[in-house]
Amino acid sequence: QVHLVESGGGSVQAGGSLRLSCVASGAMFSIKNMGWYRQAPEKQRELVARISDSGRRDYGDFVKGRFTISMDKAKSTSYLQMNNLKPEDTAVYLCAAASDNSGWDYWGQGTQVTVSS
């Protein structure tokens with residue numbers, strides 16, 4: 001079984017920064033893609049960022065240059081650097097991983113990010 005564990009969440013004031021980490025534990029697998037999603041109460045889950053093992057990146061339109069995703073394939077770890085956080089970024093952030101392009105295979109439990117004005 002593969003487990004994804006997020007860390008780095010917390011409470012910050014608007015304009016602050018956080019760096020989220022997602023570490024895979026348990027059975028090792030070849031990672032093709034990793035991604036970050038977020039979900040706020042009463043809102044639909046949305047893509048924040050994703051990255052392939054070749055380094056291709058995609059971001060949600062709302063990021064507007066504030067966030068950066070990276071991946072260390074050898075460590076089965078992804079990172080999300082979040083700068084200039086806004087109150088509307090408040091949500092549970094979830095990590096996902098995939099071994100191919102057919103869909104996400106694994107999800108983490110999520111880490112809470114709260115941004116106050």
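Described in the following lines is the structure provided in the data block. This structure is a prediction, so every number in the text was calculated from the model and none was measured.

Re the environment of Ser70
Phase 1 of the analysis: Among the secondary structure elements, Ser70 is positioned in strand S7 (residues 67–72).
Phase 2 of the analysis: Counting along the chain gives 49 residues from Ser70 to Ser21, while the straight-line C-alpha distance between them is 9.7 Å.
Phase 3 of the analysis: If we skip the residues at most four places from it in the chain, Ser70 touches Ile51, Arg57, Thr77, Ser78 and Tyr79.

Let's talk about the pairing of strand S5 (residues 46–52)
Phase 1 of the analysis: Bridging between strand S4 (residues 33–39) and S5 involves six bridges; their strand directions are antiparallel. Along S5, the bridge assignment pairs Tyr37 with Leu47.
Phase 2 of the analysis: Joining the antiparallel neighbours S4 and S5 is a turn of six residues, in which Glu42 adopts a positive phi near 65 degrees.
Phase 3 of the analysis: The pairing of S5 with strand S6 (residues 57–59) spans three bridges and is antiparallel. The partner of Arg50 across the bridge, within S6, is Asp58.
Phase 4 of the analysis: Taking the residues that link successive antiparallel strands as the turn, the S5-S6 hairpin has four residues, and the phi of Gly55 there is positive, at about 95 degrees.

Points about the packing of aromatic side chains
Phase 1 of the analysis: Per the stated rule, a full pass over the model turns up two aromatic pairs.
Phase 2 of the analysis: With a centroid separation of 6.0 Å and 85 degrees between ring planes, the pair formed by Tyr37 and Trp104 is classed as edge-to-face. Taken as a pair, Tyr37 in strand S4 and Trp104 in the loop between strand S9 (91–98) and strand S10 (106–107) lie far apart in primary sequence, 67 residues in all.
Phase 3 of the analysis: Grouping aromatic residues by their ring pairs yields a cluster made of Tyr37, Trp104 and Trp107.
Phase 4 of the analysis: A cation over a ring is seen here: Arg19 above Tyr79, with NZ or CZ 4.1 Å from the ring centre.
Phase 5 of the analysis: A cation sits over an aromatic face here: Arg45 above Trp107, 4.7 Å from the ring centre.

Brief notes about the layout of surface pockets
Sizing a probe to match a water molecule and rolling it over the atoms shows the empty space that remains.
Phase 1 of the analysis: The calculated volume of the largest pocket comes to roughly 200 Å³.
Phase 2 of the analysis: Together, Asn33, Arg50, Ile51, Ser52, Arg56, Asp58, Ala98, Asp100, Asn101, Ser102, Gly103 and Trp104 line the largest pocket.
Phase 3 of the analysis: If one sorts the elements of the lining of the largest pocket by residue count, S5 sits on top with three residues.
Phase 4 of the analysis: Of the residues assigned to the lining of the largest pocket, the class counts are three nonpolar, five polar and four charged.

Rules of the game
- The residue count restarts for each chain, going from 1 along the sequence in the order it is written.
- For a predicted model such as this one, the threshold for reporting local features is a pLDDT of at least 70, and the threshold for listing and counting side-chain atom pairs is 80 or more; totals across whole chains, interfaces and linings nevertheless cover every residue.
- Side-chain numbers here rest on the full set of heavy atoms in the structure, without hydrogens or water.
- Each helix is a run of DSSP H or I of at least 4 residues and each strand a run of E of at least 2, with the numbering of both proceeding from the N terminus.
- Residues are treated as being in contact if the distance between any of their heavy atoms lies within 4.5 Å.
- For two strands to count as paired, DSSP must find a minimum of two bridges between them.
- A pair of aromatic rings is counted whenever rings of Phe, Tyr or Trp (Trp by its six-membered ring) have centres within 6.5 Å, and the orientation is called stacked for planes under 30 degrees apart, edge-to-face for over 60 and tilted otherwise.
- Charges are assigned to positions over rings by a cutoff of 6 Å between ring centre and Lys NZ or Arg CZ, combined with an angular limit of 35 degrees from the ring normal.
- We place a 1 Å grid over just the protein atoms. Points where a 1.4 Å probe fits but has no way out form a cavity, open points with protein on both sides within 12 Å along at least 5 of 7 lines form a pocket, and any residue with an atom within 4 Å of a point lines it.
- Grid points are joined across faces, edges and corners, and a volume is the space filled by probe spheres set on the points.
- Three classes are used: nonpolar for Ala, Val, Leu, Ile, Met, Phe, Trp, Tyr, Cys and Pro, charged for Asp, Glu, Lys and Arg, and polar for all others, with Gly counted as polar.

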